[in-house]
Amino acid sequence: MAVHDPGLDEKIRMDCSSPYAMASLIRRRDEFALATGNDADADRHGIVTPDGLMNPNHFLAVAIEYLFAARAGWPAGAAVGKTLVSSSMIDRVAGGLSRRLLEVPVGFKWFVAGLLDGSVGFGGEESAGASFLRRDGSVWTTDKDGILLCLLASEILAVTGARRARATGPRRPFWCPRLRPRRRAGHPGGKSRAGGPAPEDVTATELAGEPITAKLTTAPGNGAPIGGLKVVTASGWFAARPSGTEDVYKIYAESFQGPEHLARIQDEARDVVASALKGSSRAAT
């Protein structure tokens, strides 16, 4: 069903991770142990528990924690795959499982080879898309399968009996997956430097009171350009990615400290990006 989602950008969309699109199920959440939904082409999942609609990244973390414990037939070296702007909750779950984390640029295509050969057990992205291997460790699909993730939610409920699915490892983060794009002025030579600023263009050493531990323009998992910039601290991060059609940047952010810390990351991210773009402009001229 197409809905008007005022929480985003005033556009009509079908989005099973939106509380507006899933409103009818959310209103009835106390009637069911679990309710699920998909978007029009069924490649994304929406999971409703008695607590309400799960943030898709939280469900990815729950799914990963369950699957890598329950699928004895999966290769011992099968990695946990995530996109660069998916929650760092996944990093912590992968660490707790002692599984390799494969962090790639935005786009499900980066998981295809790993799902085919079994080197990636689970691949998930921030926008409620994921797929994983068959029970015997062979490939199921190399594209997002929303129905598969909804069925998995039912399996987790049946096996664990838990009506409120949570990842047991990390504390649930305050994640802001979709902020309104922030307009920026065009900068000379920007298009010639694919993805915008380089790590050396970021002169800041702290973000929201914490030392910056990484400045990324390529993905740690495969070295591919991320088409933007990600800045990381011990308990938070932001990623800025330019629009392909207009002169704006979308900023994603996450905090493990709380909403006030998240707000600081969001505010300071705009300044960090603006300063880095200036440095990129100077380098390009």
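Residues numbered from 1 in each chain as written. Predicted model: local features only at pLDDT ≥ 70, side-chain atom pairs only at ≥ 80, totals over all residues. Heavy atoms only, no water.

Caption draft 1: Structural context of the overall build of the chain. When its secondary structure is counted, the chain shows 6 helices and 17 strands. Per-residue burial for the chain yields a buried fraction of 50% across its 285 residues. Excluding contacts between residues fewer than 6 apart, the proportion of contacts in the chain whose partners are at least 24 apart in sequence is 56%. (Helix = DSSP H or I, 4+ residues; strand = E, 2+ residues; numbered from the N terminus. Buried < 20%, exposed > 50% of the residue type's maximum accessible area, 1.4 Å probe, protein only. Contact = heavy atoms within 4.5 Å.)

Caption draft 2: Seen up close, the nonpolar core. Of all hydrophobic cores here, the largest spans 36 residues; its most connected members are Phe59, Phe122, Phe132, Leu149 and Leu152. Within the residue set of this core, elements represented by two or more residues are helix 2 (56–70), strand 6 (79–83), helix 3 (89–97), strand 7 (101–104), strand 8 (120–125), strand 9 (129–132) and helix 5 (146–160). For this core, the element with the highest residue contribution is helix 2, accounting for 9 residues. Counting 18 residues, the second-largest nonpolar core is a separate cluster that includes Ile212, Ala240, Leu262 and Ile265. (Core = buried A, V, L, I, M, F, W, Y, C linked by side-chain atoms within 4.5 Å.)

Caption draft 3: Broad picture of the side chain of His261. Residue placement: His261 occurs in helix 6 (residues 259–284). Within polar-contact distance, the side chain of His261 engages the side chain of Ser255 at 2.7 Å. Not counting residues up to four positions away in its chain, the partners in contact with His261 are Ala208, Glu210, Ser235 and Ser255. (Polar contact = N/O pair within 3.5 Å; in protein donor to acceptor, adjacent residues only side chain to side chain.)

Caption draft 4: Seen up close, the pattern of salt bridges. Per the counting criterion, the structure on display carries 10 salt bridges. Its salt-bridge partner being Glu31, residue Arg28 comes within 3.0 Å of it at the nearest N-O pair. We classify Arg28 as partly exposed; its relative accessible area is 41%. We classify Glu31 as exposed; its relative accessible area is 52%. Lys82 is the partner of Asp91 in a salt bridge, and the nearest nitrogen-oxygen pair spans 2.8 Å. (Salt bridge = Lys/Arg side-chain N within 4 Å of Asp/Glu carboxyl O.)

Caption draft 5: Region of the structure containing the sheet that holds strand 9. Read from one edge to the other, the open sheet built from 4 strands follows the order 7-6-8-9, with strand pairing classed as mixed. At either end of the open sheet lies a strand with only one pairing partner, and these are strand 7 and strand 9. Geometrically, the sheet is characterised by an average inter-axis angle of 15° between neighbouring strands, direction not taken into account. Judged from the 4 bridges that link them, strand 8 and strand 9 form a sheet pairing that is antiparallel. Within strand 9, the position partnered with Glu125 by the bridge is Gly129. (Pairing = 2+ DSSP bridges. Axes fitted to C-alpha atoms, helices over the stretch in contact; angles between N-to-C directions.)

Caption draft 6: The pairing of strand 16 (residues 236–242), seen in detail. The element strand 16 is extensively covered by neighbouring structure, given that 5 of its 7 residues are classed as buried. As paired strands, strand 15 (residues 225–233) and strand 16 are joined by 5 bridges and run antiparallel to one another. Directly across from Thr233, in strand 16, lies its bridge partner Gly236. Hairpin remark: strand 15 followed by strand 16, antiparallel, with 2 residues in the connecting loop. Alignment of strand 16 against strand 17 (residues 248–255), held across 7 bridges, turns out to be antiparallel. Bridge assignment links Gly236 to a residue of strand 17, and that residue is Ser255.

Caption draft 7: Quick peek at the confidence of the model for the chain. Overall, the prediction assigns the chain a mean pLDDT of 84, with 79% of residues at 70 or greater. Scored below 50 in pLDDT, residues 1–8 makes 25 contacts in the model with residues more than four places away or belonging to other chains. The model gives residues 177–195 a pLDDT under 50, and that stretch makes 42 contacts with residues more than four places away or in other chains. (pLDDT = per-residue confidence, 0-100.)

Caption draft 8: Representation of the sheet that holds strand 4 (residues 45–49) within the structure. Ordered by their spatial adjacency, 3 strands build an open sheet running 3-4-5, and the pairing between neighbours is antiparallel. The sheet terminates laterally at strand 3 (35–38) and strand 5 (52–53), the two strands that pair on one side only. Bridge count for strand 3 against strand 4 is 4 bridges, and the pairing is antiparallel. Residue pairing in the sheet places Asn38 in a bridge with His45 of strand 4. Running over the sheet, helix 5 touches strand 3 and strand 4 and is turned about 20° from strand 4.

Caption draft 9: A look at the packing of aromatic side chains. Enumeration over the complete set of coordinates arrives at 4 aromatic pairs. Both rings, one in Phe68 and one in Trp74, keep their centres 5.1 Å apart while their planes meet at 85°; by these two values the pair is edge-to-face. Given a relative accessible area of 5%, Trp74 falls into the buried group. Ring centres of Phe122 and Phe132 lie 6.2 Å apart, and the angle between their planes is 5°; on these two criteria the pair is classed as stacked. (Phe/Tyr/Trp six-rings, centres within 6.5 Å; stacked < 30°, edge-to-face > 60°.)

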